[in-house]
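# Structural overview
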Amino acid sequence: MHNTVTGEDGQPRCSWCMATPDYLDYHDREWGFPVTDDRRLFEKLSLEAFQSGLSWRTILAKRENFRSAFCHFDFDKVATFDDSDVARLLADAGIVRHRGKIEAVINNAQRACDMVAHEGSIAAFVWRFEPAQPLPPQSASTSAEAVAMSRELKKRGWKFVGPTTAYAFMQAAGLVNDHLDGCVIRAKVTEARRLLSHPVSGKSAA
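Residues numbered from 1 in each chain as written. Predicted model: local features only at pLDDT ≥ 70, side-chain atom pairs only at ≥ 80, totals over all residues. Heavy atoms only, no water.

## Thoughts on the packing of helix α2 (residues 38–51) against helix α7 (residues 99–119)
In contact at an axis separation of 10 Å, α2 and α7 are set at 150 degrees when each is read in the N-to-C sense. The angle between α2 and α7 places the two elements in the roughly antiparallel class. Classified by chirality, the crossing of α7 by α2 is right-handed. Together, Asp38, Phe42, Ser46, Ala49, Phe50 and Gln51 of α2 and Lys101, Ile102, Val105, Asn108, Ala109, Ala112 and Val116 of α7 make up the contact between the two elements. (Axes fitted to C-alpha atoms, helices over the stretch in contact; angles between N-to-C directions. Helix = DSSP H or I, 4+ residues; strand = E, 2+ residues; numbered from the N terminus. Parallel < 35°, antiparallel > 145°, perpendicular 65-115°, else oblique. Left-handed = near helix turned anticlockwise from the far one by under 90°. Contact = heavy atoms within 4.5 Å.)

## Things to note about helix α1 (residues 21–29)
Listed as buried for α1 are Tyr23, Tyr26 and His27. With its buried residues spanning 100 degrees around the axis, α1 presents them on a single face. Away from the buried face of α1 by more than 90 degrees, exposed residues Pro21 and Arg29 are located. Considering only its buried residues, α1 is in contact with β2 (12–14), α2, α3 (56–61), α4 (63–69), α10 (163–173) and α11 (184–194). (Buried < 20%, exposed > 50% of the residue type's maximum accessible area, 1.4 Å probe, protein only. Arc of directions from axis to C-beta.)

## Quick word on the packing of aromatic side chains
Enumeration over the complete set of coordinates arrives at 10 aromatic pairs. Cation over ring: Arg88 sits above Phe81, and NZ or CZ is 5.3 Å from the ring centre. (Phe/Tyr/Trp six-rings, centres within 6.5 Å; stacked < 30°, edge-to-face > 60°. Lys NZ or Arg CZ within 6 Å of the ring centre and 35° of its normal.)

## A short note on the pattern of salt bridges
In total, this model carries 17 salt bridges according to the counting rule given. In this structure, Glu103 engages Arg99 in a salt bridge whose closest nitrogen and oxygen atoms are separated by 3.4 Å. One end of the pair is Glu103 and the other is Arg99, both in helix α7 and four residues apart, which spans about a single turn. Classification of Glu103 as partly exposed rests on a relative accessible area of 36%. Overall, Arg99 belongs to the partly exposed group, its relative accessible area being 46%. The partner of Glu119 in a salt bridge is Arg156, with the nearest N and O atoms 2.8 Å apart. (Salt bridge = Lys/Arg side-chain N within 4 Å of Asp/Glu carboxyl O.)

## A look at the side chain of Glu43
Residue placement: Glu43 occurs in helix α2. Here Glu43 falls in the buried class, since its relative accessible area comes to 10%. If near-sequence neighbours (up to four positions away) are discounted, Glu43 is found in contact with Arg63, Arg67 and Phe73.

In structure tokens:
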């Protein structure tokens, strides 16, 4: 059962964020707040892919190293990476040295370029999967919308984007507000989502 815990400031928060100061800052400033910037969305998708089978704490601790290694997730640049870049990344102790995941991010950068060309933006694609009726906070590891997003991404050639990864991405990017009802940050995320201007597809003619 998920509960809130009281922080040093006397405010209730999702209990998971108290495990480390990095979690607390991430919980209060990022997690669940809506993201429409394509580079940030690509970063979140990429890091969730790297997180598969690992703890988020491991990924968060290495995030600046990931950013440096992958050109701050500028997918236009990452899309040009070749075998020498894969070798460089496999030798980089500052990131997760998993060949499959590294090659997946490079592949996904290429697919991201395709998506922008056909949809106008990554955001326009992603936000169409925002659920009309979200599940209760922190009650599931995936959802029908995450399954649909995963299926469509795979259809378009993306890798390491299974339903669980897709749902974790939706939580992180604010497509759902998964802060617990009693969490002090939930209302802030709710307000940010209320003010959000939803991306509109600029799909080009085929």
